[in-house]
Amino acid sequence: MPNPPAIILGTRPEIIKMAPIATEMGNRNLPFHLIHTGQHYSRNMSEIFLRELAMPPLDRFLDIGKGTPSQQLARCIFGLEKTFLKDPPSAILVEGDTNTVLAGALSGSKLNIPVVHVEAGLRSYDLRMPEEHNRKVTDHLSSLLLAPTKNNARTLRDEHVHGKIHVTGNTVIDACLRNMPVALKKSRIMDDLDLAQDSYALATVHRAENVDDPKVLSNFIEVFEHSPQPVLLPLHPRTVKNARRFGLWKRLSTSNNIKVIDPVGYWDFLVLMKNCSFILTDSGGIQEECTSPNIRRKCFVLRKSTERQEAVEANFAELVGVRPDGILKAVRNWWEKGARVPKGKSPFGDGKAAEKSVKLLQKARYC
Ligand code: UD1
Ligand code: UDP
């Protein structure tokens, strides 16, 4: 029997998207080690997701804490290497494009441990984004690349990555399908916030290249102030910090058209997505979730580029840039033309991505 593989987690979306794989491995009695770097550490960015998604107890928490990107990377690599040297896993599974993912890929390859990249092959071709560096390097260091779509697989082939490429779908669709029924039962968020269905727009903003720029953050506030429906804004800690630093907090928190709340758990967020009129976001995962058959919401992407072109092509997402006039024009245009919900299938799979991924892990003899 090989040593079990190690699943690496660091941030909120990594927990959400790795949970279906961990569950699938659990269902097949396949052991694995669970390591959290501590990149996200607040209860509402980490612990709540581990609990709601029924993740087993962590085998290691590296507690890397706050820091510059290089400090974060260095602490992750140091902690992961120490862990892997003591107990080498059969493979290292990383998901997405965070600093934790790059650190996992680097520390694995330096020790000749195979790296499996879940959600491989996404490209925004926007080098302002730290995520673009992380995902590119990780793809080129990986032995097994699990691409959500055929388009992602084509990108990987065009770049001549050395690992094996398979199309699996995105595990976030598995997460939406599995968790919505329990979310609808357990979440009290609609009552707690006194919200009616289709009475609000749901917004999230946190991308570094957006919210670290005072002009762009101010543009977003202008959009939220003038949105055709009041905006519910569960605010990422990075954005809270920047809004305070740039003197924008009062404007954000006292507007009649904006309700700022703390980030919410997955059950609450699923229910908020399902019941909103539309979504305004710069998130990656939300561009995928809006296409889930049990959510199906129009999503305005507040960015200059996207690595989820499939969501745009399927008419769920619309890339509207970061200038207030352009964003508001697109939103009002859609709103005034009847606010239609897209009809097509999700381009990110059928909810079986985790099953396909685990079968591939077994075939590669990583578990
Ligand atoms: C990171 C990822 C990003 C992902 C996002 C998910 C990188 C380069 N970025 O961005 O790709 O979309 O996570 O949400 O890896 N903070 C807290 N509590 C926390 C976490 C963060 O207060 O639990 C604050 C800290 O001040 C921290 C700042 O947010 O310095 C930024 O956190 P960090 O993990 O560096 O980047 P994110 O913006 O969260
Ligand atoms: N999410 C959540 N609570 C929130 C905001 C987002 O549970 O308050 C979930 C959302 O459903 C999605 C994931 O967090 O699955 C996206 O995380 P984020 O936008 O932070 O990161 P990205 O996907 O951009 O890397």
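Located above this text is the structure these notes cover.
Residues numbered from 1 in each chain as written. Chains lettered and ligands numbered in written order. Predicted model: local features only at pLDDT ≥ 70, side-chain atom pairs only at ≥ 80, totals over all residues. Heavy atoms only, no water.

A. Examining the packing of helix α3 (residues 69-86) against helix α4 (residues 99-110) more closely. The interhelical angle for the contact between α3 and α4, taken along N-to-C directions, is 45°, at an axis separation of 9 Å. Between α3 and α4, the angle is such that the two are oblique. At the point where α3 passes α4, the crossing takes the right-handed sense. Contacts between α3 and α4 pair P69, Q72, L73, C76, I77, L80, E81 and F84 from the former with N99, T100, L102, A103, G104, L106 and S107 from the latter. Of the residues contributing to the contact of α3 with α4, the split by class is 9 nonpolar, 5 polar and 1 charged. (Axes fitted to C-alpha atoms, helices over the stretch in contact; angles between N-to-C directions. Helix = DSSP H or I, 4+ residues; strand = E, 2+ residues; numbered from the N terminus. Parallel < 35°, antiparallel > 145°, perpendicular 65-115°, else oblique. Left-handed = near helix turned anticlockwise from the far one by under 90°. Contact = heavy atoms within 4.5 Å. Nonpolar A, V, L, I, M, F, W, Y, C, P; charged D, E, K, R; others polar.)

B. Inspection of the site of ligand 1 at higher detail. Near ligand 1 there are 19 residues, and of these H40, S42, E131, R207 and R238 occur at the shortest range. Measuring from an oxygen atom of ligand 1, one finds a side-chain N or O atom of R207 at 2.8 Å. For the shell around ligand 1, the secondary structure elements donating two or more residues are α5 (130-141) and α11 (237-245). When its residues are assigned to classes, the shell around ligand 1 shows 5 nonpolar, 9 polar and 5 charged. (Near = heavy atom within 4 Å. Polar contact = N/O pair within 3.5 Å; in protein donor to acceptor, adjacent residues only side chain to side chain.)

C. Quick look at the site of ligand 2. In the vicinity of ligand 2 there are 17 residues, among which V264, S283, G284, G285 and E289 approach most closely. In the model, an oxygen atom of ligand 2 is placed 3.5 Å from a nitrogen or oxygen of the H206 side chain. Take R207: an N or O atom from its side chain is 3.0 Å from an oxygen atom of ligand 2. Considering ligand 2 on its own, with 540 Å² of exposed area, one finds that the protein chains cover 96% of that surface. Looking at the shell around ligand 2, the elements that each hand over two or more residues are α1 (12-27), α13 (266-275) and α14 (285-289). For the shell around ligand 2, the class distribution of residues is 9 nonpolar, 5 polar and 3 charged. (Areas by Shrake-Rupley, 256 points an atom, 1.4 Å probe, with all protein chains shown as cover.)

D. Representation of the sheet that holds strand β12 (residues 299-301) within the structure. Read across the sheet, 6 strands follow the order β10-β9-β8-β11-β12-β13 without closing on themselves; strand pairing throughout is parallel. Every interior strand has two partners, whereas the edge strands, β10 (258-261) and β13 (317-319), have only one. Within the sheet, the average angular offset between the axes of one strand and its neighbour, ignoring direction, is 20°. Relative to strand β9 (residues 231-234), strand β8 (residues 201-204) runs parallel, the two being bridged by 2 bridges. Across the sheet, A201 pairs through a bridge with V231, a residue of β9. Where helix α10 (residues 214-225) meets the sheet, its contacts fall on β8, β9, β10 and β11 (278-281), and the angle it forms with β10 comes to roughly 120°. Relative to β11, helix α16 (residues 324-336) is tilted by about 175°, and along the sheet it contacts β11, β12 and β13. (Pairing = 2+ DSSP bridges.)

E. Structural context of the sheet that holds strand β2 (residues 33-36). Strand order in the open sheet made by the 7 strands is β3-β2-β1-β4-β5-β6-β7, with parallel pairing throughout. A strand with exactly one partner marks an edge of an open sheet, and here the two such strands are β3 (60-61) and β7 (164-167). Note that β2 and β3 share 2 bridges and pair parallel. Within β3, the residue paired with I35 across the bridge is R60. Helix-sheet contacts for α5 involve β4 (92-95), β5 (115-118) and β6 (144-147), and the interaxial angle to β5 is about 135°. Contacts from helix α17 (residues 353-363) reach β4, β5, β6 and β7 within the one sheet, and its direction differs from that of β6 by about 165°.

F. Summary view of the environment of P13. For P13, the position within the fold is in helix α1. In this structure, the C-alpha to C-alpha distance between P13 and K304, residues 291 residues apart in sequence, is 21 Å.

G. How the structure looks around the pattern of salt bridges. Going through the model one piece at a time under the given rule, you end up with 21 salt bridges. Residues K298 and E318 are paired through a salt bridge, measuring 3.2 Å at the closest nitrogen-oxygen approach. Taken together, the residues span a long stretch of sequence, with K298 in the loop between α14 and β12 and E318 in strand β13 at a distance of 20 residues. Assessed through its relative accessible area of 27%, E318 is described here as partly exposed. Three or more residues joined by partner-sharing salt bridges are found here, namely K17, D97, E119, E132, R135, E288, R303, E307 and R308. (Salt bridge = Lys/Arg side-chain N within 4 Å of Asp/Glu carboxyl O. Buried < 20%, exposed > 50% of the residue type's maximum accessible area, 1.4 Å probe, protein only.)

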